[in-house]
Amino acid sequence: TQLLEQSPQFLSIQEGENLTVYCNSSSVFSSLQWYRQEPGEGPVLLVTVVTGGEVKKLKRLTFQFGDARKDSSLHITAAQTGDTGLYLCAGISGNTGKLIFGQGTTLQVKP
Amino acid sequence: GAVVSQHPSRVICKSGTSVKIECRSLDFQATTMFWYRQFPKKSLMLMATSNEGSKATYEQGVEKDKFLINHASLTLSTLTVTSAHPEDSSFYICSANPGANLQETQYFGPGTRLLVL
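Residues numbered from 1 in each chain as written. Chains lettered and ligands numbered in written order. Predicted model: local features only at pLDDT ≥ 70, side-chain atom pairs only at ≥ 80, totals over all residues. Heavy atoms only, no water.

**Q** Summarise the overall build of chain A; cite the residues concerned and give the values.
**A** Of regular secondary structure, chain A possesses zero helices and eleven strands. From first element to last, N terminus to C terminus, chain A shows the α and β order β-β-β-β-β-β-β-β-β-β-β. In summary, chain A has a C-alpha radius of gyration of 13 Å against a globular reference of 13 Å for 111 residues, a match within 12%. In chain A, buried positions account for 47% of the 111 residues. Carbon and sulfur atoms provide 51% of the accessible area of chain A, an area that totals close to 5200 Å². Seen as two clouds, the 9 positive and the 9 negative side-chain charges of chain A have centres 5 Å apart. (Helix = DSSP H or I, 4+ residues; strand = E, 2+ residues; numbered from the N terminus. Rg over C-alpha atoms; globule rule 2.2 N^0.38 Å. Buried < 20%, exposed > 50% of the residue type's maximum accessible area, 1.4 Å probe, protein only. Areas by Shrake-Rupley, 256 points an atom, 1.4 Å probe, with all protein chains shown as cover. Lys, Arg positive; Asp, Glu negative; His and termini not counted. Charge placed at Lys NZ, Arg CZ, Asp CG, Glu CD.)

**Q** Account for the environment of Pro40(B), with residues named and values stated.
**A** Secondary-structure assignment places Pro40(B) in the loop between β4 (32-38) and β5 (44-51). Residues Pro40(B) and Ser89(B), 49 residues apart in the sequence, show an inter-C-alpha distance of 11 Å.

**Q** Break down the interface of chain A and chain B for me, citing the residues and quoting the values.
**A** Facing the 25 residues of chain A at the interface are 21 residues of chain B. Across the chain A to chain B interface the summed buried area is about 1600 Å²; carbon plus sulfur atoms make up 54%. Here Glu59(B) and Lys98(A) are joined by a salt bridge, their closest N and O atoms 2.7 Å apart. Counting across the chain A and chain B interface gives four residue pairs in polar contact (both at pLDDT 80 or more). Here the residues of the side of chain A that touches chain B are counted per class, giving nine nonpolar, 14 polar and two charged. (Contact = heavy atoms within 4.5 Å. Buried area = accessible area lost by both parts, 1.4 Å probe. Salt bridge = Lys/Arg side-chain N within 4 Å of Asp/Glu carboxyl O. Polar contact = N/O pair within 3.5 Å; in protein donor to acceptor, adjacent residues only side chain to side chain. Nonpolar A, V, L, I, M, F, W, Y, C, P; charged D, E, K, R; others polar.)

**Q** Please provide a residue-by-residue account of the state of the cysteines, values included.
**A** The full count for this structure, using the stated rule, is two disulfides over all chains. Note on cysteine connectivity: Cys23(A) is disulfide-linked to Cys89(A), with sulfurs 2.0 Å apart. For the disulfide bridge between Cys23(A) and Cys89(A), the dihedral angle about the S-S bond is near 70 degrees, and by the sign convention the bridge is right-handed. Linking Cys23(A) in strand β3 (residues 19-24) with Cys89(A) in strand β9 (residues 85-93), this pair joins segments that are 66 residues apart in sequence. The burial state of Cys23(A) is the same as that of Cys89(A); both residues are buried. Lacking any disulfide linkage, Cys13(B) is separated from the closest cysteine sulfur, that of Cys94(B), by 18 Å. (Disulfide = S-S within 2.5 Å.)

**Q** Please set out the environment of Leu74(B) residue by residue, giving values where relevant.
**A** Residue and element names in this part refer to chain B. Within the fold, Leu 74 resides in the loop between β7 (67-73) and β8 (76-81). It is 13 Å that separates the C-alpha atoms of Leu 74 and Phe 34, two residues lying 40 residues apart in sequence. Beyond its immediate chain neighbours, meaning those up to four positions away, Leu 74 contacts Ser 25, Phe 28, Gln 29, Ala 30, Thr 31 and Glu 52.

Okay, structure coming up:
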């Protein structure tokens, strides 16, 4: 069974601070995705990383895919209150199309 | 971008009744749709894979007679929670895969909040 371990599960920081969320697995994934979800809404895709060692940037967010394609990280620089939300990593399982989600990281950015 | 809708957005029902939740792909056809359940401040848990024209595939531990899935057309999948009980209260989310390639990005609906009294 493929599992994704996401950490930390809860993070409360001050506006302007940096943070990193990690997503680790013992399995290889063909790609990993990061989502952000607001309360009462569906998750919104932020990025998909496909190539081992890949780094993608989305404004203040930097996403990295491990060389072995077993882990990924999300780094947010100078967090803003608008970054508050639930961040989820997910990998596609084999050829079934099923998304395996990590436990999620609830981020609270305080003003 | 691709849009997926869910109806209703929230529903309150009495214990013992059945509730149907619809998931529609608005601007694309989806051979495969997925149903997830989510508890407060927790991650999404895959319940089942809905396949157009065939039976749904349920994840381990999910009762197929409790959570009936019908994927009658390429744009609509329904999840019926039968004989609902308070422990079925949750946030239900669907997603749809727009292509034949199951490695493609899934598009998520906005979710349905179910409260069973």
